Every structure is written in structure tokens, then in C-alpha cells.
Amino acid sequence: MPAVSLQCRPCLRECLCPSSVDMSEDKKGIPAGSAADAHRILDAIRKKAYGELLTGKRGPAAQLIDQKNGEFRNFAAVYSDGTVLFIQDSLKDQRVSQILQAMTRMNAVRLQQYVAVPPQIIEQIYADAEDGSDQPGDAGLVTTKMQENIIALIKMAHQDLNSSDIHMTVGGVRDADGQFYTKTEFRIDGLLEEFPRAKLEYGRKFVHSVFAMLDAGSSSATNFSTGEVITGRISAAKRPELLSFGVQAVRVLFSPLINDGTYMVMRILAAEVSSAGLDKNKGVEAIGYLPPVVQIIRRSQRDPKGGHLIAGITGSGKTVSQAIIVAEGIRINRGQINVTTIEEPVEVIIEGAKQTPKPPSLTFGAAIMGFMRADIDELVVGEIRDAEAAEAFLEIVNTGHRCRATTHADSPIGIIDRFRAWNVEEYKVTRPTFMKTLMTQNLIRKLCPHCKIPFGAEAQERLDPEFIDRCRTIFGRQGIALNTFFTSNPNGCDKCSQRGFKGRLAVAECISTDDEFMKHVRDYRPGDAIKYWRESLGGILMVEHAFHWALRGEADLDDIEQFLGTIDPDIDYKFDRFMPAKSSLKQAA
């Protein structure tokens, strides 16, 4: 790219037009205008080939930039030898030209040459400058000090803490002295646990460096900005060291906070998570579903047609459960069926399935419809997120295929409500041959078997008296004393890292629809639909499934309320449908 002459004052104010200076080769031997050789450019920067970074937050021009427009650092960097590194086309941006004009007027530097670089280089320059890894002798793009810290944090979260997500709040919270700081939390067994606090500036460096690590093409934004929501992905394809500790990718969300803060969530996707990870001889029972739910799933595995959906909140385990159900279906059919998936991204390896990542150029709906004429027996959709995907899913069902998918809803009937909200045709949504299986799932924490304690008088005193009264009412009707149950040890033990819990348990509601059930749904009588399901189809509520685990001594009643909501003593709970075997009760007692 030709240079821009900053000596052309009239032109600079208007358009930053190109000058006739030859920029085919700069005086340091780095190709000017090249956006391809990122490693060479960064190496030159770290060896001080361009001199000192003037526009860093500690540089000589820091005050000028902070006063005029701090967003300059998203687009360009200026060095003491007069080199300007910039993102393609950014020189016409007022946020850039304004700063360059001011630096020229103040004689801060004589701007000599312009080098076009990829956005990641600009991000890396300022991240390196802040964490000190731009000093001579540092390694290249992939081994900066801050990026090593990021990889180490992901490793600790996955390997040591068994955490599914890392949350970082930069500048959105204050300490006791009213100062903003960086708050880091890990989601462990469904709840957030806080990590030691860090300084505000460290958090800013961290999130900028995470952004710089995103896979090319995965980010929803070209440049990092604290004022917009940005999504992206760090994969093992770009960072192969992730695989060394069992991570295939990290999904990242950046969200704006007050006072120029950033909220970042990193979802860790384990590598080689396989549907075969559970006991093959047990199949879906190993997930923890109750026998009536297992029966419905088994029928769906043999049924060649219809739509089968699993819903739940983020982190409810629905993707892993769907993968196990699909893999068992393949085994039941002796591998003689063609199962194809469309996912974004592929999160769980399904033995025997052809797993297809959704092409970036296609919507989920378009990707699903691409299989319309394919010779498939079962299509598995990673997640239905919008109206187009919902329509396409049911269109495939309408052609006589078996289709499975996950979506976000809080109850089986809530799945239908979501499809209605997407304006899917009513006859498709309420036809039992289309929407055959409606299931929702959640996870509750599993008591540590090494340190759990009886739910006796001392443990009950720590809890809300109204909660204890509700429990006495519900279980007293069945002649079950509260000291039959167990609760968590507030001090925990070494086996559970002093948490009192270790692992999680699946709880689910599952409806195999029929004409009568769907008639109530069509008439917008959800209460009657649930009543029919409970009385005529033997339906088991999610909270009843949770009671099953509590009666086995594996779940805490108080924890059930925390994850599933207030337990209602006015509900007629069907204990005969979920009571564990007597041997389990004796063991719990």
C-alpha cells in the first residue's frame, strides 16, 4: 500500500490521500503493507526495529490519546522512528486521523512510513506493551506472557477444578474502597466460585489478549471494543497446546459493562468427550434417567420417524445426553443406519455418526435443509436457535426422517411455546407424529459420598424453617422422616476440595406425546395437558426425579430447591413412580 503523507496538511484534514512515496520496502527490511507475515512484524517490534512504542498506555503520547480518543489503539500504533502500523482502511477513520494530526502538529514524531497489518497485530502490540512481553528476546505471536497465563488458567479450570466456564468481570464491580477490580469466577458443579481478585489493568490486558487469540474468522468483530457484544472461539487448531490437557476449544463471549468495563465468559469444550464415556452395557441408564424415561427414549431409537427434542438451560448437560442417546441408537441398530449431525461447534464425539460442523457461510436453517435430499436415517441438530432452524427441523421431520435436536426451554411444553414464538405453523407444532418426544433436563449437585452428613436436627437448624416445614409436609405424608436424608458437610473434605459436593446428577421430565395431549396443547390448556400426562401417561416431574436422588442419599433437599425452585407441598407427588429400591433407602439411612 502506498504511504500517506502527513505533511500534506490540507489533504490530511479532508481525506488522507495517498502520496507518491514508494512503500514497497521499508528501511528495516520488513515488507511495508504486508498483512501476511505477522510473526516477522511482531519479531521486528520486539527487537525494537521500529524504536519505542509512542502510543502505548505508558508511552509518551499516552496522555494525548487518552484525552482525544482512546479507541485509536484499536486501529493503529505509532513508533519513535516514524513507523505507523495500521489496520487496512483505518487511516480514513477520524479516531485515527485526529491523533495522527495532533502528533504531527506537536512535532512528537515525523511520520515516515505506513505498514498495513492484520487486526490481531494491533491487539498484540498493546497487549505485549502492557504485560511487558514486548521486550527484546521474547518469543513470537503464540508465546507471549499473557497468553501463557490464559492457557494456564484454562488448564487449571479444566484439569484441576473440573470447571465448565470461566467468568471474568473487568471494571464492573468495586471493592470495599470503591475501586474497580478484576473478578474471576469458575463454574463448578453448577455454581460460581470466586478466584483471588486481580487489578483492573490486569483484567484489561487479559481480555484484550483473549480477543487476540480468537481463531481467524470466528470473531463477530474485527476489532475489540468495550462497547459491543463480541463472540468468538479459540480452537486447538490454532492453539494445539489445548489438546495436551484435554480441551478442544473455548467459546468466548465479551459483553460491555458500565464505566468501560468488560464481562467475559469462556465456555470450555473438552476434547475427545465421547458418547462411549459411560458404560456401554448400561447405555442411557448411565445418564441417570428413571426407567419410564428410558422406555420413552428406547422407543424413539427404534421409531424411524418423528421429532425428538431435549431442552434445558445452558450447562444442563443436554448436548452430552443427546449424544449418548444417538450413539446407543446406532448400536441398537447395529450400525446399519446413516446418522448425520449438523453442529456449531461439534462438542461431543458420537461413535458411528457423521458429524458435520455448520459452515460459517450458512445459517442453521440452510444447513439443515441441505440434508433434505441426503440418504439419511437420522439427522441430529446441535441446537435450534431461531425460527428458520425450527422450520427446517420440522420440514425434515415432514419428509419422514427421524430428527433430534436440543433447544432452550424450561419445560416440555415450553418447547412448543418456543416454536410458537418463532411462528412455526400450528399444525406442525401440535401434531404428535411431528413432535413425538419433548424432554427437559437439568443437573443438580451430587453429595460427596465421603463427607455427607445425616439431615438431622443440627443440620436442619441451619436452614429456613419454612423450607423444613415444606419438607416435613411432603415426606411426612409418606411416613418418611427427614433424618432419612443426607445433606452436605459445610466443611467438606479433601476428596471434594472442601465443597461438600462432588459431581452432578441428571434430572429430567419426558413426554411421549399423543393425540389427547396435543389436543389440550392446541386448545391452549397447558394445565390440562400436564394433568393428562401425569394421570394417564404416568408422567414424572423433574422435582420428583430429584427426590429420587435425595431418597438414595445422593442429593441435598436444600440444593434441589436452589437449582429447581421452591418445592410445593400442595402438589400430589407420585412417590410410587420414583421411590428407589428398599436396599437403596436402607443404605441412605
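Here's what I pulled together on the structure shown here. These numbers were taken from a predicted model, which means no experiment stands behind them. One numbering rule holds for all chains: residues counted from 1, following each sequence as written. Since the coordinates come from a predicted model, pLDDT governs what is reported: local features require at least 70, and pairs of side-chain atoms require 80 or more to be given and counted, while whole-chain, interface and lining totals use all residues. Values shown for side chains rest on all heavy atoms present in the structure; no hydrogens or waters enter the calculation.

Some remarks on helix α9 (residues 318-332)
- Relative to the 21 Å expected for 15 residues at 1.5 Å per residue, α9 spans 21 Å between its end C-alpha atoms, a close match to the ideal helical length.
- Between buried and exposed lies partly exposed: a residue is buried under 20% and exposed over 50% of the maximum accessible area for its type, with that area taken using a 1.4 Å probe on protein chains only. Helix and strand labels come from DSSP, where a helix needs a run of H or I of at least four residues and a strand needs a run of E of at least two; each type is numbered from the N terminus. Burial analysis of α9 places 11 of its 15 residues in the buried class, the great majority of the element.
- Residues Lys318, Ser321, Gln322, Ala323, Ile324, Ile325, Val326, Ala327, Glu328, Gly329 and Ile330 constitute the buried set of α9.
- Just beyond α9, the residue with positive phi is Arg334, at close to 55°. Expected span of a helix: the number of residues minus one, times 1.5 Å.

A few points about the packing of helix α18 (residues 542-551) against helix α19 (residues 557-564)
- Only the contacting stretch of a helix is used when fitting its axis, a line to C-alpha atoms as for every element, and angles between N-to-C directions run 0 to 180 degrees. Two elements in contact, α18 and α19, have axes whose closest approach is 10 Å; the angle formed by their N-to-C orientations is 155°. Judged on the interaxial angle alone, α19 and α18 are roughly antiparallel. Seen along the crossing, α18 lies across α19 with a hand that is right-handed. Only Leu557, Ile560 and Leu564 of α19 make contact with α18, whose side of the interface consists of Met542, Val543, Ala546, Phe547 and Ala550. Working rule for angles: under 35 degrees goes down as roughly parallel, over 145 as roughly antiparallel, 65 to 115 as roughly perpendicular, anything else as oblique. Each crossing gets its hand from how the near helix is turned against the far one by less than a right angle, where anticlockwise is left-handed and clockwise is right-handed. Only heavy atoms matter for contacts: two residues are in contact if any of them lie within 4.5 Å across the pair.

Considering the layout of surface pockets
- Here a cavity means grid points, on a 1 Å grid over the protein atoms only, where a 1.4 Å probe fits yet cannot get out; a pocket means an open set of points with protein on both sides within 12 Å along at least five of seven lines; lining residues are those with an atom within 4 Å of a point. Grid points are joined across faces, edges and corners, and a volume is the space filled by probe spheres set on the points. By volume, the second largest pocket is sized at about 570 Å³.
- As for the second largest pocket, its lining consists of 28 residues, of which Glu509, Leu541, Met542, Val543 and Ile571 are closest to the centre.
- Mapped onto the lining of the second largest pocket, the elements with two or more residues apiece are α12 (412-421), β15 (435-447), α17 (526-536), α18 and α19.
- The dominant element in the lining of the second largest pocket, judged by the number of residues it contributes, is α17, at 4 residues.
- Here the lining of the second largest pocket is built from residues that sort into 13 nonpolar, 7 polar and 8 charged. Classification used: nonpolar for Ala, Val, Leu, Ile, Met, Phe, Trp, Tyr, Cys and Pro, charged for Asp, Glu, Lys and Arg, polar for all others including Gly.

Some points on the sheet that holds strand β5 (residues 180-188)
- Any two strands with at least two DSSP-identified bridges between them are counted as paired. Read from one edge to the other, the open sheet built from 6 strands follows the order β6-β5-β4-β9-β8-β7, with strand pairing classed as antiparallel. At either end of the open sheet lies a strand with only one pairing partner, and these are β6 (191-194) and β7 (230-235). The average angle at which neighbouring strand axes cross in this sheet is 25°, direction not considered.
- Summarising the sheet, strand β4 (residues 165-174) and β5 pair through 8 bridges and their orientation is antiparallel. For Val170, the partnering residue across the bridge sits in β5 and is Thr182.
- The sheet contacts of helix α7 (residues 200-213) involve β4, β5, β7, β8 (247-257) and β9 (261-270), and relative to β4 the element is tilted by about 135°.

A word on the pairing of β15
- With 12 of 13 residues buried, β15 is to be regarded as a mostly interior element.
- Direction of pairing for strand β10 (residues 306-311) relative to β15: parallel, over a ladder of 5 bridges. Bridging across to β15, His308 finds its partner in Thr437.
- When β15 meets strand β18 (residues 501-512), the two strands line up antiparallel, connected through 10 bridges. Across the sheet, residue Leu443 finds its bridge partner in β18, namely Ala506.

Observations regarding empty space enclosed by the protein
- Per the counting criterion, the structure on display carries 3 cavities of 30 Å³ or more.
- What the largest cavity holds in volume is close to 80 Å³.
- In terms of lining residues, the largest cavity is bounded by Ile297, Ser300, His308, Leu309, Ile310, Gln322, Ile325, Arg404, Thr437 and Met439.
- Contributions of two or more residues to the lining of the largest cavity are made by α8 (291-302), β10, α9 and β15.
- Among the elements that make up the lining of the largest cavity, the one with the highest residue count is β10 (3 residues).

Quick word on the pattern of salt bridges
- The term salt bridge refers to a pairing of a side-chain nitrogen on Lys or Arg with a carboxyl oxygen on Asp or Glu at a separation within 4 Å. The full count for this structure, using the stated rule, is 31 salt bridges.
- Two residues, Asp165 and Arg267, come together in a salt bridge whose shortest N-O distance is 2.6 Å. Here Arg267 lies in strand β9 and Asp165 lies in strand β4, a separation of 102 residues in the sequence.
- With a closest N to O distance of 2.8 Å, Glu285 and Arg298 form a salt bridge. Here Glu285, found in the loop between β9 and α8, pairs with Arg298, found in helix α8; they are 13 residues apart in sequence, far enough to count as distant.
- Here the salt bridges share partners, and the residues they tie into one network are Glu344, Lys358, Glu383 and Arg385.

Some details on the packing of helix α6 (residues 145-160) against α7
- Running from N to C, α6 and α7 cross one another at 85°; their axes reach a closest spacing of 9 Å. Classified by the angle between their axes, α6 and α7 sit roughly perpendicular to one another. Packed against α6, whose contacting residues are Met146, Gln147, Asn149, Ile150, Ile151 and Leu153, the element α7 presents Tyr202, Lys205, Phe206, Ser209, Val210, Ala212 and Met213 at the interface.
- When its residues are assigned to classes, the contact of α6 with α7 shows 9 nonpolar, 3 polar and 1 charged.

Some details on α6
- Over its 16 residues, α6 extends 21 Å from the first C-alpha to the last, a length consistent with the 22 Å expected when each residue adds 1.5 Å.
- For α6, the complete set of buried residues consists of Met146, Gln147, Ile150, Ile151, Leu153, Ile154 and Ala157. Buried residues along α6 cover an arc of 155° about the axis, so they all sit on one side.
- Where α6 terminates, the next one or two residues include Asn162, which has phi positive at roughly 55°. Directions pointing from the helix axis toward each C-beta atom define the arc.

Quick notes on the environment of Thr182
- Checked against the element boundaries, Thr182 lands in strand β5.
- Residues Thr182 and Arg197, 15 residues apart in the sequence, show an inter-C-alpha distance of 6.0 Å.
- In this structure, Thr182 is in contact with Met168, Thr169, Val170, Arg197, Ala198, Lys199, Leu200 and Gly203, ignoring residues within four places of it in sequence.
- Polar contact criterion, stated in full: a pair of N or O atoms within 3.5 Å, where within protein one must be able to donate a hydrogen and the other to accept it, and residues adjacent in sequence count only if both atoms are side-chain atoms. A polar side-chain atom of Thr182 sits 2.9 Å from the main-chain carbonyl oxygen of Lys199.
- A polar side-chain atom of Thr182 sits 3.3 Å from the main-chain amide nitrogen of Gly203.

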